[in-house]
Amino acid sequence: MLNLKGKIALVTGCGSMGPGWGNGKAIAVLLARQGASVFGVDLTLESARVTEQLIRDEGGTVEVMAANVKEATEVKRMVEACVQRFGRIDILINNVGRSEPGGPVEMAEEVWDEQMDINVKTAYLCMKHVLPVMEAQGAGSVVSISSVAGLRYVGKPQVGYAAAKAAMMQLTKTTAVLYAPKGVRLNCVVPGLVFTPLVKRLADKYAKGDFDGFVAHRHQQVPMGHMGDAWDVANAVLFLASDEARYITGQSIVVDGGLVSATR
């Protein structure tokens, strides 16, 4: 099961913001372990190279490049490079995003615009350039990483991020209907509170640098009593990307330890 041998997977945000396992790094490595050839993209080549080396050390097939997927020309270049290298794209993972604090009054207009760009425009641009490739093939699977912030308030004033992640889920659902007759599936993974290298940056933004207190609070928010990790996200992505999910499209799988089902 979950065999991706012969599949080509394009993974955006394949690096990590520090030591340890970020979502993109875990996703890229797991897809490679399951047999996919991975084309990994990150804003910095240095971050992408770390993931590349991990996959190569395990005997996987991988190519990486740097690209800013907020820019249409960069996305077009990325997709063309992947097709030139591997001949096709079977799986697209939209894994780019970042949260900035503020409500509508406090958040500067340029920050709002940037939140829309990085959290939902990136997915739109990648779909825009990859979907024609998948349509020509007659098959493909797109998995986008959203957030429970797009479903409910999770304790942080991040209206731009929340609105964009909600938009990503509806972008996915609507596009899934349009492309269902063409053999292309689109779904979202919706992580809850996940312990990745990004948490340190979030503590600086939302808890005045109190990392230990921020981590403890996030653990306490989750009914299971602890945050998830990048592998919980990657495992859900793997399922949706695989042929075992061939009859699933337009859906969002929440991976949150029960967070959105609880009232606390």
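Residue indices follow the written sequence of each chain, beginning from 1 at its first position. Residues qualify for local features only when their pLDDT is at least 70, as the model is predicted, and side-chain atom pairs are given and counted only at 80 or more; totals for whole chains, interfaces and linings, by contrast, use all residues. Excluding hydrogens and water, the side-chain values take into account all heavy atoms of the structure.

**Student:** Summarise the overall build of the protein chain; cite the residues concerned and give the values.
**Tutor:** Elements are defined by DSSP. Helices are runs of H or I of four residues or more, strands are runs of E of two residues or more, and each kind is numbered from the N terminus. A count of helices and strands for the protein chain gives 8 helices and 7 strands. In this treatment the radius of gyration is a C-alpha quantity, and the globule benchmark scales as 2.2 Å times the residue count to the 0.38 power. A compact globule built from 264 residues should have a C-alpha radius of gyration of about 18 Å, and the protein chain, at 17 Å, falls within 12% of that. Projected onto its principal axes, the C-alpha coordinates of the protein chain cover approximately 45 × 40 × 35 Å. At a minimum sequence separation of 6, the contacts of the protein chain that also span at least 24 residues come to 74%. With the model as given, the accessible surface of the protein chain reaches about 11900 Å², and the carbon-plus-sulfur share is 55%. When checking whether two residues touch, look at their non-hydrogen atoms; a contact exists if any pair is within 4.5 Å. The Shrake-Rupley method, run with a 1.4 Å probe, gives the accessible areas here. Residue values count only the displayed protein chains as cover.

**Student:** Which residues make up the sheet that holds strand 3 (residues 62–66), and what are the values?
**Tutor:** In spatial order, the strands read 3-2-1-4-5-6-7; together these 7 strands make up an open sheet with parallel pairing. The strands lining the two open edges of the sheet, one partner per strand, are strand 3 and strand 7 (252–255). Strand-to-strand twist of the sheet, defined as the mean angle between neighbouring strand axes without regard to direction, takes the value 15°. Pairing analysis gives 5 bridges linking strand 1 (residues 8–12) to strand 2 (residues 37–42), with the strands arranged parallel. Bridge pairing links Thr 12 to Val 41 in strand 2. Sheet strands in contact with helix 2 (residues 45–57) are strand 2 and strand 3, and its direction is about 175° off that of strand 3. Those strands touched by helix 5 (residues 159–179) are strand 5 (140–145), strand 6 (184–191) and strand 7, and its axis lies near 160° from that of strand 6. Paired strands, as defined in this entry, are two strands with at least two bridges between them according to DSSP. Note on definitions: angles span 0 to 180 degrees between N-to-C directions of axes, and those axes are lines fitted to C-alpha atoms, for helices only across the stretch in contact.

**Student:** I'd love a proper account of the side chain of Arg 185, names of residues and values included.
**Tutor:** In this structure, Arg 185 sits in strand 6. Of note is the side chain of Arg 185, whose polar atom sits 3.5 Å from the side chain of Ser 141. Residues adjacent in sequence count toward polar contacts only when both atoms are side-chain atoms; beyond that, a polar contact is any pair of N or O atoms within 3.5 Å, and within protein one must be able to donate a hydrogen and the other to accept it. At a separation of 3.1 Å, a polar atom in the side chain of Arg 185 contacts the main-chain carbonyl oxygen of Ser 242. Contacts of Arg 185, omitting those with residues within four sequence positions, involve Gly 140, Ser 141, Val 142, Leu 240, Ala 241, Ser 242, Ala 245, Arg 246, Ile 248 and Thr 249.

**Student:** Run through the packing of aromatic side chains, naming residues and quoting values.
**Tutor:** Pairing of aromatic rings covers Phe, Tyr and Trp, the last counted by its six-membered ring, and requires centre-to-centre distances within 6.5 Å; plane angles under 30 degrees mean stacked, over 60 mean edge-to-face, and any other angle means tilted. Summed over the entire model, instances satisfying the criterion amount to 2 aromatic pairs. For the pair Trp 21 and Trp 231, a centre-to-centre distance of 4.8 Å together with 55° between the ring planes defines the contact as tilted. Taken together, the positions of Trp 21 in the loop between strand 1 and helix 1 (23–33) and Trp 231 in helix 8 (residues 230–241) put the pair 210 residues apart, joining distant regions of the chain. The partly exposed category is assigned to Trp 231, whose relative accessible area is 22%. Ring geometry for Phe 195 against Phe 211: centres 6.4 Å apart, planes inclined by 35°, an arrangement best described as tilted. With a gap of 16 residues between them, Phe 195 in the loop between strand 6 and helix 6 (198–206) and Phe 211 in helix 7 (residues 211–221) connect regions that are remote in the sequence. To sort residues, take the accessible area from a 1.4 Å probe on protein chains only and compare it with the maximum for the residue type: under 20% means buried, over 50% means exposed, and anything in between is partly exposed. Its relative accessible area of 38% is what places Phe 195 among the partly exposed residues. Geometrically, a charge over a ring is one whose NZ (Lys) or CZ (Arg) sits within 6 Å of the ring centre while staying within 35 degrees of the ring normal. Looking at Lys 25, its charged tip hangs above the ring of Trp 21, at a distance of 5.6 Å from the centre.

The quantities given are spatial measurements derived from coordinates; they are silent on function.
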